[in-house]
Amino acid sequence: MVPEIRYFTVRMSSCLPLSLKNSLFECEVNQMEVMLDSDTISVNNKFVRVTEDTAPSKNGGFFQASGDSRKGYFKVVPVYIGTLAHDQLTVVARRFRDYLEEPENAFIFSASLCHWGDIYGFSAQIPDAPTILDSIKAFDKRAIAAMRELRFRPFDEFLLDTKAKVLDNQIIALLLFMVRQLLNVNLHALISMDEEKVVNQMRKLARFKLMGQAWSYPDVTSADSCISYVSAVVELDEERYIPEEPSEPNPLNKLC
């Protein structure tokens, strides 16, 4: 039996009607019918059969981004996010938490980092940076360091301190909320367990792994603009909540 594998493709959309922005997540994920862009794959939450005749390069951006060449059935669940308040982000993250916990599911967040240039309202430069691109890289480095903590507050503080324009900041915030909620719920469950039951339990872990970076215009000048792109993976893992105690050394094993 072919396992059901879901890919949730999450991206920003500024053209959603206001009523839809607030009600998009009222429906069950399996009932969502949203069309992807014409340059990727047009599906309405149906199974897409991947065969040898449908190579990733022919299917457009989605399967290229997924990096999964395995043949089989894939359910594509496109998710478009409008403008959400802070408390709405936590609600959306909570609704996706169960899907994040299932190993058959994968989330692909389509987001960029700093948007630099007068057109974006952000043209700050680091005083000692040799070039504008070096300034942009410095801002990106701070953003990535904040994201690496997998908490919303460091990333929010980065935005407030630098005033950097990260137009997809809500996509990144949703990722951070989802991961942190997953870890916190698991930790709370372990803390609430009886001592006898918790001994052999596993604690969930998450690690942010940077895969690569790119910039839309590396030769950017003060009259130009530049967008930063980043590729990263959040790896979920487990470890024993209570580490095993090392066994007592056997004195008979000592050499005389």
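All values derive from a computational prediction rather than experimental measurement.

> So what exactly am I meant to see when it comes to the sheet that holds strand 5 (residues 112–116) here?
Two strands in a sheet stick together by hydrogen bonds in their backbones, pointing the same way (parallel) or opposite ways (antiparallel). If you trace the 3 strands from one edge of the open sheet to the other, you get 5-7-6, paired in antiparallel fashion. Edge positions in the sheet fall to strand 5 and strand 6 (202–215), since each has one partner strand and no second. Pairs of neighbouring strands in the sheet enclose a mean axial angle of 25 degrees, with direction left out of account. Lying on the sheet, helix 7 (residues 169–192) is in contact with strand 5, strand 6 and strand 7 (226–240); it crosses strand 6 at an angle near 165 degrees.

> Just to check I follow, could you spell out the nonpolar core for this structure?
Considering soluble globular proteins, one finds that nonpolar side chains tend to be buried as a cluster. Counting residues in hydrophobic clusters, the biggest one holds 27 residues, and the most contacted among them are Phe 155, Phe 158, Val 166, Ile 172 and Val 220. Breaking this core down by element, the ones donating at least two residues are strand 5, helix 5 (132–148), helix 6 (152–162), helix 7 and strand 6. If you tally residues by element for this core, the top one is helix 5, at 8 residues. Not counting residues up to four positions away in its chain, the partners in contact with Ile 172 are Ala 111, Ser 112, Leu 113, Met 147, Phe 155 and Val 166. Core analysis: the second largest hydrophobic core is formed by 20 residues, Phe 96, Phe 152, Ala 173 and Leu 182 among them.

> For this particular structure, what's the right way to read the pattern of salt bridges?
Side chains that differ in sign of charge can pair as their charged atoms come close. Across all of its chains, the model carries 5 salt bridges by this definition. Two residues, Glu 238 and Lys 204, come together in a salt bridge whose shortest N-O distance is 3.8 Å. Placement of the pair is Glu 238 in strand 7 and Lys 204 in strand 6, with a sequence separation of 34 residues. Among the salt bridges present, the one from Arg 207 reaches Asp 237, with a minimum N-O distance of 3.1 Å.

> Would you explain helix 4 (residues 86–101) in this entry?
At 3.6 residues per turn, the α-helix brings residues three or four places apart onto the same side. With 16 residues, helix 4 should cover 22 Å at 1.5 Å per step; its first-to-last C-alpha distance of 22 Å lies within 8% of that length. Along helix 4, the largest kink reaches about 35 degrees and is centred on Arg 95. Of all the positions in helix 4, only Leu 89, Thr 90, Val 92, Ala 93, Phe 96, Arg 97, Tyr 99 and Leu 100 are classed as buried.

> Even after reading the chapter, I still don't get the side chain of Asp 140, so can you show me in this structure?
Along the chain, Asp 140 falls in helix 5. Despite its burial, Asp 140 pairs with no opposite charge, the nearest such side chain being Lys 137 at 8.3 Å.

> Is there a simple way to explain the packing of aromatic side chains in this structure?
Where two aromatic rings form a pair, the distance of their centres and the angle of their planes describe that pair. Enumeration according to the criterion identifies 5 aromatic pairs in this entry. Pairing Phe 107 with Phe 109 gives two aromatic rings, centres 6.1 Å apart and planes at 20 degrees, and the pair type is stacked. With a centroid separation of 4.8 Å and 20 degrees between ring planes, the pair formed by Phe 152 and Phe 177 is classed as stacked. Of this pair, Phe 152 sits in helix 6 while Phe 177 sits in helix 7; the two residues are 25 residues apart in sequence, bridging distant segments of the chain. Over the ring of Trp 215 we find Lys 137; its NZ or CZ atom is 4.8 Å from the centre of that ring.

> Is there a simple way to explain the confidence of the model for the protein chain in this structure?
Segments scoring low in pLDDT should not have their predicted coordinates read at a detailed level. Averaged over all residues, the pLDDT of the protein chain equals 76, while 71% of them reach at least 70. Per-residue pLDDT stays below 50 along residues 14–71; that stretch engages in 105 contacts with residues further than four places along the chain or on separate chains.

> How should I be thinking about the environment of Ser 110 in this particular structure?
Mapped onto the secondary structure, Ser 110 falls in strand 4 (residues 105–110). Take Ser 110: its relative accessible area is 41%, and that puts it in the partly exposed class. For the pair Ser 110 and Asp 168, spaced 58 residues apart in sequence, the C-alpha to C-alpha distance is 8.3 Å. Ser 110 has contacts with Val 10, Arg 11, Asp 168 and Ile 171, leaving out every residue within four places of it along the chain.

> Any chance you could explain the pairing of strand 5 here in plain terms?
It is a general feature of regular strands that their side chains alternate between the two faces of the sheet. Summarising burial for strand 5: 5 of the 5 residues are buried, a large majority. In terms of strand pairing, strand 5 meets strand 7 through 3 bridges, oriented antiparallel. Bridge pairing in strand 7 links Ser 112 to Tyr 229.

> Please clarify how the packing of helix 5 against helix 6 should be interpreted in this entry.
Packing of helix 5 against helix 6 leaves a shortest axis separation of 7 Å and a crossing angle of 155 degrees. Considered as vectors, helix 5 and helix 6 are oriented roughly antiparallel to each other. You can see that helix 5 and helix 6 cross each other, and the crossing is right-handed. Between helix 5 and helix 6, the contacting residues are Phe 139, Arg 142, Ala 143, Ala 146 and Met 147 on the first element and Pro 154, Phe 155, Phe 158, Asp 161 and Thr 162 on the second. Classifying every residue of the contact of helix 5 with helix 6 by side-chain character gives 7 nonpolar, 1 polar and 2 charged.

About the thresholds
- Residues numbered from 1 in each chain as written.
- Predicted model: local features only at pLDDT ≥ 70, side-chain atom pairs only at ≥ 80, totals over all residues.
- Heavy atoms only, no water.
- Pairing = 2+ DSSP bridges.
- Helix = DSSP H or I, 4+ residues; strand = E, 2+ residues; numbered from the N terminus.
- Axes fitted to C-alpha atoms, helices over the stretch in contact; angles between N-to-C directions.
- Contact = heavy atoms within 4.5 Å.
- Core = buried A, V, L, I, M, F, W, Y, C linked by side-chain atoms within 4.5 Å.
- Buried < 20%, exposed > 50% of the residue type's maximum accessible area, 1.4 Å probe, protein only.
- Salt bridge = Lys/Arg side-chain N within 4 Å of Asp/Glu carboxyl O.
- Expected span 1.5 Å × (residues − 1).
- Bend = angle between axes of the 7 residues up to and from the residue.
- Lys, Arg positive; Asp, Glu negative; His and termini not counted.
- Phe/Tyr/Trp six-rings, centres within 6.5 Å; stacked < 30°, edge-to-face > 60°.
- Lys NZ or Arg CZ within 6 Å of the ring centre and 35° of its normal.
- pLDDT = per-residue confidence, 0-100.
- Parallel < 35°, antiparallel > 145°, perpendicular 65-115°, else oblique.
- Left-handed = near helix turned anticlockwise from the far one by under 90°.
- Nonpolar A, V, L, I, M, F, W, Y, C, P; charged D, E, K, R; others polar.

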